[in-house]
Amino acid sequence: MKIDTWNLSEPNGQTIMRPSKDKYYIDIAKQVAQRSTCFRVKIGAVIINDDQVIATGYVGAPRKTRDCLERENCLRNELKIPHGQRYELCRSVHGEQNAIINAARAGVSLLGGDMFIYAEDKEGNLINALPCFICKKMMINAGLGRAVCSTKNGEYKIFNIQDWIQDWQTKDVLDDQQQYGKDQNKEE
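Residues numbered from 1 in each chain as written. Predicted model: local features only at pLDDT ≥ 70, side-chain atom pairs only at ≥ 80, totals over all residues. Heavy atoms only, no water.

Colleague: Please explain the overall build of the protein chain as it appears in this structure.
Modeller: Of the regular secondary structure elements, the protein chain holds seven helices and seven strands. Moving toward the C terminus, one meets the helices and strands of the protein chain in the order β-β-α-β-β-α-α-α-β-α-β-β-α-α. Contacts in the protein chain between residues at least 24 apart in sequence constitute 62% of all its contacts with a sequence separation of at least 6. Summed over its atoms, the accessible surface of the protein chain is roughly 10,600 Å², and 48% of this surface lies on carbon and sulfur atoms. (Helix = DSSP H or I, 4+ residues; strand = E, 2+ residues; numbered from the N terminus. Contact = heavy atoms within 4.5 Å. Areas by Shrake-Rupley, 256 points an atom, 1.4 Å probe, with all protein chains shown as cover.)

Colleague: Explain the environment of Arg-66 to me, please; I cannot follow it from the model alone.
Modeller: Counting through the fold element by element, Arg-66 comes out in the loop between β4 (52-58) and α2 (68-71). On the basis of relative accessibility, which here comes to 47%, the residue Arg-66 falls in the partly exposed class. Sequence-wise, Arg-66 and Arg-91 are 25 residues apart; in three dimensions their C-alpha atoms are separated by 8.3 Å. Among residues more than four places away in sequence, those in contact with Arg-66 are Ala-61, Arg-71 and Arg-91. (Buried < 20%, exposed > 50% of the residue type's maximum accessible area, 1.4 Å probe, protein only.)

Colleague: Is there a simple way to explain helix α4 (residues 95-106) in this structure?
Modeller: An α-helical turn contains 3.6 residues, so any two residues separated by three or four positions project in the same direction. The end-to-end C-alpha separation of α4 is 16 Å, in line with the 16 Å expected for twelve residues at 1.5 Å each. Gly-95, Glu-96, Gln-97, Asn-98, Ala-99, Ile-100 and Ala-103 are the residues of α4 that are buried. Each element contacted by the buried residues of α4 is listed here: β3 (41-49), β4, β5 (114-121) and α5 (133-142). At the exit of α4 stands Gly-107, carrying a positive phi of roughly 70°. (Expected span 1.5 Å × (residues − 1).)

Colleague: I would appreciate a short explanation of the layout of surface pockets in the present structure.
Modeller: Where empty space is left can be seen by rolling a probe of water-molecule size over the atoms. Each pocket or cavity is described by its volume, and for the largest pocket that value is around 310 Å³. Contributing to the lining of the largest pocket are 17 residues, with Tyr-58, Gly-60, Ala-61, Arg-63 and Asn-98 lying nearest its centre. For the lining of the largest pocket, the secondary-structure elements that each account for two or more residues are β4 and α4. In terms of residues, the lining of the largest pocket owes the most to one element, α4, which gives four residues. Tallied by class, the residues present in the lining of the largest pocket amount to five nonpolar, seven polar and five charged. (1 Å grid on protein atoms, 1.4 Å probe; cavity = no way out; pocket = protein on both sides within 12 Å on 5 of 7 lines; lining within 4 Å. Points joined across faces, edges and corners; volume = space filled by probe spheres on them. Nonpolar A, V, L, I, M, F, W, Y, C, P; charged D, E, K, R; others polar.)

Colleague: Is there a simple way to explain empty space enclosed by the protein in this structure?
Modeller: If you walk through the whole model with that rule in mind, you get two cavities of 30 Å³ or more. In this structure, the second largest cavity occupies an estimated 40 Å³ of space. Lining the second largest cavity, in full, are Cys-38, Arg-40, Cys-68, Cys-74, Leu-75, Arg-76, Cys-90 and Arg-91. Across the lining of the second largest cavity, the residue classes break down as five nonpolar, no polar and three charged.

Colleague: Sorry, what's going on with the nonpolar core here?
Modeller: A general trend in soluble globular proteins is that nonpolar side chains are found buried together. Formed by 26 residues in total, the largest nonpolar core has its most connected members in Met-115, Ile-117, Met-139 and Leu-144. Taken together, the elements giving at least two residues each to this core come down to β3, α4, β5, α5, β6 (146-150) and α6 (161-170). It is β3 that provides the largest number of residues to this core, a total of four residues. Other than its neighbours up to four places away in sequence, Met-115 contacts Ala-45, Val-46, Ile-47, Glu-96, Ala-99, Ile-100, Met-139, Leu-144, Arg-146, Ala-147 and Val-148. (Core = buried A, V, L, I, M, F, W, Y, C linked by side-chain atoms within 4.5 Å.)

Colleague: How should I be thinking about the environment of Ala-99 in this particular structure?
Modeller: Here Ala-99 is to be found in helix α4. A relative accessible area of 0% places Ala-99 in the buried class. If we skip the residues at most four places from it in the chain, Ala-99 touches Ala-45, Ile-47, Ala-55, Thr-56, Gly-57 and Met-115.

Colleague: Explain the packing of α4 against α5 to me, please; I cannot follow it from the model alone.
Modeller: Helix packing for two helices is described by the angle between their axes and how far apart those axes are. The interhelical angle for the contact between α4 and α5, taken along N-to-C directions, is 30°, at an axis separation of 9 Å. With respect to α5, the axis of α4 lies roughly parallel. As α4 packs across α5, the resulting crossing turns out to be left-handed. Of the residues in α5, those touching α4 at Glu-96, Gln-97 and Ile-100 are Ile-134, Cys-135, Met-138, Met-139 and Ala-142. In terms of residue class, the contact of α4 with α5 is made up of six nonpolar, one polar and one charged. (Axes fitted to C-alpha atoms, helices over the stretch in contact; angles between N-to-C directions. Parallel < 35°, antiparallel > 145°, perpendicular 65-115°, else oblique. Left-handed = near helix turned anticlockwise from the far one by under 90°.)

Following this line, the structure appears as structure tokens:
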């Protein structure tokens with residue numbers, strides 16, 4: 001699906017361009033991503049419920065710990081770990097996870113909300129902002145309704161989280177066709 005705008009005509013005949021709500025929230029996630037402290041990617045997540053921003057999160061080290069920028073190195077790069085694998089060997093918490101955690105810290109329910117995710121690589125090129133398996137599991141358990149993910153071609157992909165549940169009831173998690181990191185690993 002293309003991230004686009006829609007027109008709003010005013011009585012005086014002027015047309016005002018306004019972003020769609022999905023584009024508006026993806027744009028907020030893009031700004032959140034700029035706070036990321038990961039050498040590999042910038043990922044931002046925004047959780048919306050009832051047309052309100054509930055929580056945001058970006059890729060970064062746990063609170064009060066040193067991140068990769070402060071350490072001036074990436075542990076995963078040093079260990080040559082491909083994207084989408086071995087997350088336990090990373091200093092950072094994913095943007096999606098941080099958004100869910102930040103909502104919990106504020107005591108805010110996520111039931112029925114939507115998560116908007118934006119991602120770019122270290123050079124600022126768009127990449128597919130597909131959540132990893134861990135983040136998908138957290139989004140399912142948090143009761144979110146949709147995930148709206150930016151894609152490397154400037155569009156976005158909408159997932160109904162209930163579809164992930166149904167897929168995983170009949171197939172295994174590894175059969176999931178929308179896996180984070182597949183597009184980045186081809187280039188390495």
